[in-house]
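This is what each chain is made of:
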Amino acid sequence: MTAPILILGTGLAGYNLAREIRKLDKSVPLALVSRDDAPFYSKPMLSNALAGGKSAATLVMKTAEQMAEELDARILARRQVVAIETAARRVTLDDGEVLPYRDLVLALGADPIRLPLDGDAATEVLSVNDLDDFARFSARLEGARRVAILGGGLIGCEFANDMLARGIGPSVFDPAPWPLGRLLPGEAGAFFRAGLEAAGVVFRMGISAVGVDRQGATYRLRLSDGSVAEADLVLSAVGLRPRIGLAEAAGIKVGRGIVTDRQLASSAAGVFAIGDCAEVAGLSLPFVMPIMQQVRALAKTLAGTPTAVSYPAMPVLVKTPALPTVVAPPPAGVAGEWVLTHPDGGLEALFLAADGSPAGFALLGSATRRKQALAASLPAWL
Ligand SMILES: Cc1cc2nc3c(=O)[nH]c(=O)nc-3n(C[C@H](O)[C@H](O)[C@H](O)COP(=O)(O)OP(=O)(O)OC[C@H]3O[C@@H](n4cnc5c(N)ncnc54)[C@H](O)[C@@H]3O)c2cc1C
């Protein structure tokens, strides 16, 4: 039997690639491996599931069995890949099974970064990056009144906003001076903060957590300014690190992510990388729209037409209904300045490059209406 196209990972990258492959080729053997149950679900919904009344079970759109049928693919769930041998074109699973491949696609995602906290409850700090995490988080949220969120970036702010639906006014701790610090200029950060605070979120900016101790049924959070805060649950949302370990151990070139060219090809013949684990032409973009661009290009390449991925500017919607926000940060290294206006009570922050052309934006409140028009004015990212 011919060796399959083997996809490691059944997140949005792995499954959407499989779907694109099947649009082009109904018969090529296809296999996917996942260390979780391999459900098809929309990961972005993890941070607005509470408001939508969703549970880990109802977030599942299709089971592994349904996906196997839809894709006419072998799906190996709850199996972990432990080694890749690029010369022999095969991978080894945790139970010793060896899978040969024609082409291998690494769609392994990213791990939540763990803060170096001390204290006897440091290991009880939660993070939510998949359905199993969400199931644990929602179980622990039952009866919780005081929630501390570490990290005031996109994901931390989305979870904070979502908890309002449960009548919880969470406290967000971050060493940065304003929330969404890497995406917004200061004045826009203050505007965003005010919008969420008006709805019930508490921001403790300029402060980081140092340690977490158990205190009866609750936690005592020690903070960098010497103060303490009590919480029934501590959620960490301080960023993600691409899963590069397997690739690195196999001698595949890695940087921040698994390094690929514009055809998503890694340094090893027949091995490709997509999604949160990949660093494509120098860009690590852990969002859904880049994944969709990647899988369309890679499916064509795997079907015999080498195709480079292109990225238009891809704005990200911050799911904070208390203050709807859309961001399209300027590409790293572009010099310029933010210009702010206040149309209809919202805020529009436009990043103008040195030559006066728009290179990025942040739109808050009513200004989000201009999202499409402004996105069209931005230069392509790749
Ligand atoms: C809470 C939250 C909200 C988000 N909201 C948005 C949003 O609004 N808009 C947006 O654009 N993006 C959003 N994102 C980002 C977006 O969801 C991700 O970029 C995307 O889902 C990543 O998909 P992936 O397939 O690369 O990774 P993952 O979904 O993490 O999949 C990784 C897969 O690899 C498997 N795996 C890992 N290691 C192994 C191994 N050794 N052996 C076998 N299998 C393995 C896992 O089991 C899993 O199937 C959000 C992310 C989070 C966490």
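In this text, all values refer to a predicted model and were calculated from it rather than measured experimentally.

> Sorry, what's going on with the pattern of salt bridges here?
Pairs can form between side chains of opposite charge once their charged atoms are near each other. Tallying each qualifying case throughout the model produces 24 salt bridges. Arg79 is paired through a salt bridge with Glu97; the nearest N and O atoms lie 2.6 Å apart. One end of the pair, Arg79, is in the loop between β3 (74–76) and β4 (81–85); the other, Glu97, is in the loop between β5 (90–93) and β6 (98–100), and 18 residues separate them in sequence. Here Asp103 makes a salt bridge to Arg102, at a shortest N to O gap of 2.6 Å. Among the charged side chains, a network of salt bridges with common partners joins Arg74, Arg79, Asp95 and Glu97.

> Could you clarify how one ought to interpret the sheet that holds strand β14 (residues 228–231) in this entry?
One open sheet accounts for three strands, arranged β12-β13-β14; its pairing is antiparallel. Only two strands of the sheet have a single neighbouring strand rather than two, namely β12 (209–215) and β14. On average, each strand axis in the sheet is tilted by 25° relative to the strand beside it, whichever way the strands run. Pairing geometry for β12 and strand β13 (residues 218–223), over six bridges, is antiparallel. Bridge pairing in β13 links Arg214 to Tyr219.

> Sorry if this is basic, but what is going on with the packing of aromatic side chains here?
Aromatic rings considered in pairs are described by the distance between their centres and by the relative angle of their planes. Evaluated as defined, the whole model comprises four aromatic pairs. When the ring of Phe137 is compared with that of Phe159, the centres are 5.7 Å apart and the planes differ by 70°; the resulting orientation is edge-to-face. Here the residue Phe137 occupies a position in helix α4 (residues 131–141), and Phe159 occupies one in helix α5 (residues 154–163), the gap between them amounting to 22 residues. Considered together, Phe137 and Phe159 belong to a single accessibility category, that of buried residues.

> What is the right way to look at the site of the ligand in this model?
Lining the immediate environment of the ligand, one finds 32 residues, of which Lys43, Val81, Asp276, Val288 and Lys319 sit closest. Here Leu12 contributes a backbone N or O atom positioned 3.2 Å from an oxygen atom of the ligand. Contacts to the ligand include Ser34, whose side-chain N or O atom sits 2.9 Å from an oxygen atom. For the shell around the ligand, the secondary structure elements donating two or more residues are α1 (12–24), α5 and α8 (288–302). Considering each element in turn, the shell around the ligand owes the most residues, three residues, to α5. Looking at the shell around the ligand residue by residue, the classes come out as 15 nonpolar, nine polar and eight charged.

> Honestly, the packing of α1 against helix α3 (residues 64–71) in this entry has me stumped. Any pointers?
A packed helix pair is summarised by two numbers, namely the angle formed by the two axes and the spacing between the axes. Across the interface, α1 lies against α3 with an axial gap of 10 Å and an inter-helix angle of 25°. One finds that α1 runs roughly parallel with respect to α3. Two secondary-structure elements touch here, α1 through Tyr15, Ala18, Arg19 and Arg22 and α3 through Ala64, Met67, Glu70 and Leu71.

How each quantity is defined
Residues numbered from 1 in each chain as written. Predicted model: local features only at pLDDT ≥ 70, side-chain atom pairs only at ≥ 80, totals over all residues. Heavy atoms only, no water. Salt bridge = Lys/Arg side-chain N within 4 Å of Asp/Glu carboxyl O. Helix = DSSP H or I, 4+ residues; strand = E, 2+ residues; numbered from the N terminus. Pairing = 2+ DSSP bridges. Axes fitted to C-alpha atoms, helices over the stretch in contact; angles between N-to-C directions. Phe/Tyr/Trp six-rings, centres within 6.5 Å; stacked < 30°, edge-to-face > 60°. Buried < 20%, exposed > 50% of the residue type's maximum accessible area, 1.4 Å probe, protein only. Near = heavy atom within 4 Å. Polar contact = N/O pair within 3.5 Å; in protein donor to acceptor, adjacent residues only side chain to side chain. Nonpolar A, V, L, I, M, F, W, Y, C, P; charged D, E, K, R; others polar. Parallel < 35°, antiparallel > 145°, perpendicular 65-115°, else oblique. Contact = heavy atoms within 4.5 Å.

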